[in-house]
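The lines below spell out each chain.
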Amino acid sequence: MFIPLLNVHWYTDIMKRQVRTKVIHTENCFSGSALVFGLVFFMACFFVPATGSAINRTDYQRFQAEIIDHRHRLNRAFKKIRRAETRYIIVHTSELGLSATLRVVSEGKRFSSGHSTPGGHANYVVARNGDTYRILDKQFRADHAGLSMWQGRQDISSVSIGIELVGYHSAPLTDQQYRSVAMLIDILQNVYSLDDKAVLTHSQVAFGRPNPWFPKNHRGRKRCAKNFDRSRAGLGPGFAFDPDVRAERLLSDPYLADLFYSPKPAVAARVPATGPVSNLISRKNSAWAIAGEDYSSKSTVYILPNGRKLTGDQIDDTVGWHLLPVNTRVLLNQETQTEKILDPGSPVKIITDRMTAWSHAGPAYGFDSTIYFLPSGRVYTGSFISDWDDLPQNTRLIVGYQGPFFITGEKTAYGIAGQKFKDRATVYFLPPGHVKTGDKITDFSSLPRGSRIYLPLDNLVPG
Ligand SMILES: [Zn+2]
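Residues numbered from 1 in each chain as written. Predicted model: local features only at pLDDT ≥ 70, side-chain atom pairs only at ≥ 80, totals over all residues.

Asks: What is the right way to look at the overall build of the protein in this model?
Replies: For the protein, the helix and strand inventory stands at 11 helices and 19 strands. A fraction of 66% describes how many contacts in the protein between residues 6 or more apart in sequence connect residues 24 or more apart. (Helix = DSSP H or I, 4+ residues; strand = E, 2+ residues; numbered from the N terminus. Contact = placed C-beta atoms within 7 Å.)

Asks: Teacher, can you tell me more about the sheet that holds strand β14 (residues 379–381) here?
Replies: Each strand in a sheet pairs with its neighbour through backbone hydrogen bonds, running either in the same direction (parallel) or in the opposite one (antiparallel). Taken in spatial order, the 4 strands of this open sheet run β12-β15-β13-β14, and their pairing is antiparallel. Each of the sheet's edge strands pairs with one partner strand only, and the pair in question is β12 (349–350) and β14. When strand β13 (residues 370–373) meets β14, the two strands line up antiparallel, connected through 3 bridges. The residue bridging Phe373 from the neighbouring strand is Val379, located in β14. (Pairing = 2+ DSSP bridges.)

Asks: Can you help me understand helix α4 (residues 98–107) in this one?
Replies: Quick reminder: α-helices carry 3.6 residues per turn. Residues three or four places apart thus point the same way. Summarising burial for α4: 8 of the 10 residues are buried, a large majority. For α4, every residue scored as buried is listed here: Leu98, Ala100, Thr101, Leu102, Val104, Val105, Ser106 and Glu107. The inward-facing, buried residues of α4 contact β3 (124–126), β4 (132–134) and β7 (160–165). Two residues or fewer after α4 comes Gly108, characterised by a positive phi angle close to 120°. (Buried ≥ 20, exposed ≤ 12 C-beta atoms within 10 Å, placed from the backbone.)

Asks: When you look at the sheet that holds strand β17 (residues 427–430) in this model, what are you seeing that I'm missing?
Replies: The antiparallel open sheet is built from 4 strands, whose spatial order is β16-β19-β17-β18. The open sheet is flanked by β16 (401–406) and β18 (434–437), the only strands paired with a single partner. Here the average twist between neighbouring strands, direction ignored, is 25°. (Axes fitted to C-alpha atoms, helices over the stretch in contact; angles between N-to-C directions.)

Asks: What's the story with the nonpolar core in this structure? I'm lost.
Replies: Soluble globular proteins tend to bury their nonpolar side chains together. Counting 52 residues, the largest nonpolar core has Ile89, Val125, Val126, Ile163, Val181 and Leu184 as its most contacted members. No other element matches helix α5 (residues 175–192), which puts 8 residues into this core. The contacts of Val126, once residues within four sequence positions are left out, are Thr132, Ile163, Leu165, Val166, Gln177, Ser180, Val181 and Leu184. Within the second largest apolar cluster, 27 residues are counted, among which are Ile351, Ile371, Ala417 and Tyr428. (Core = buried A, V, L, I, M, F, W, Y, C linked by C-beta atoms within 7 Å.)

Asks: Where do I start with unusual backbone geometry in this structure?
Replies: Across residues other than glycine, the phi torsion is negative in most instances, and most of the peptide bonds are trans. Gly403 connects to Pro404 through a cis peptide bond whose omega is 10°. Looking at where Pro404 falls in the secondary structure, it is placed in strand β16. A positive phi is found at Glu95, a non-glycine position, where the angle reads about 60°. You can see Glu95 is positioned in the loop between β2 (88–93) and α4. At Ala225, a residue that is not glycine, the phi angle is positive and equals roughly 60°.

Asks: Would you take a moment to explain the pairing of β7 for this structure?
Replies: Remark: a regular strand shows side chains that alternate across the two faces of the sheet. For β7, the buried fraction is high: 6 of the 6 residues fall into the buried class. Along β7, one buried face is formed by Ser160, Gly162 and Glu164 and the opposite face, lined by Ile161, Ile163 and Leu165, is buried too. Pairing between β2 and β7: 6 bridges, direction parallel. Counterpart to His92 in the pairing with β7 is Glu164. When β3 meets β7, the two strands line up parallel, connected through 3 bridges. Paired with Val126 across the bridge in β7 is Leu165.

Asks: Mind showing me how you'd approach helix α3 (residues 57–65) here?
Replies: By the burial criterion, the buried members of α3 are Arg57, Tyr60, Gln61 and Phe63. Angular distribution of buried residues about the axis of α3 spans 160°; they occupy a single face of the element. Exposed positions of α3 whose direction lies more than 90 degrees from the buried face are Arg62 and Ala65. (Arc of directions from axis to C-beta.)

The structure is reproduced here in structure tokens:
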């Protein structure tokens, strides 16, 4: 174990040195304002031979050239302010799918109270397929870190670049994201002379005001990017301790402290991509552990196992914090509840701007027993889906199902599903593209040709 890991770090270092001077040039090539100099450098870039590294100079050039310019979508009300200094790069997870992430960081957050923000919540967004978007020029202050502190310095947004990774802090990030964010971070480190320790997650730098659990200012306000694996992003170890907790400026959040700073072997910064990371409530995974200070926020949505949806501010008066059922799903950043809310008890869920397959199904999004009905009429099982952000909006899905069982002249709905053929839990796919539950079908004698049934896995299927 030890030697291969050493090799990885050595290799990464060499790779970084090889591209160090080069990268500064390419940055000038594509974002410099002096057109003539830019053109000269641009030409020069393409005649530098590629190295043999896993990520070589050509990859860096291509990566920079392919950054998608999203700056025109920035809210006009956002005030651009140049940062006086750049000390850190802060990594976030957006807790949303791609389209909602892009909209929120560019145009702003809209709360159901009517309050909104003017956008500019990140400098870059890295999608799950590795596509990288420029939201706001890197020299401008993005409003991304909120109440934050590192090494005694507050308002980290004013001294840092913000990168949003599309995804959830309770789910693995993709290889393509790590590859892109590794290049992006390396480029920015070179531009601003930042070492690997200057790369931090939002969960590391956010802090909260006193609350019932913490009598003083404390860590744990955010869980953002707690799943970010530094080594997969080509980074060496980060801080071995929290400088603000050590200096007693903040109280420690035991959950995050264990994740980031507990003594571990040489690759301490490595956070497992899988493991006890979940957005499902369990005995060990409380609302606080999942959401941090956002646990009681109006923008945090709790989906109970029976399908009931409640916002964080409603829990106290309805279910009560200690009676939240196990397997309640917790979703962050659901600022406005604009999407069509189907019958909450229906097993048929719908993918919208804010509700990805992960929001609905969690890790089961990729299971064979999760069935997707695309707007085109195509039907896929989860194992066919490479990532939850690939699915179009208005795709419907069911979780924990088997099938299809085709209805034919010999095999009626009753013949397939027995007494349960009219149940809400029994799902029908009716060509060309309708998905209905048994209780919504009135005439079973005229189902279209090719109709099929999906049954919950806990149902017995007659032979
Ligand atoms: Zn964040």
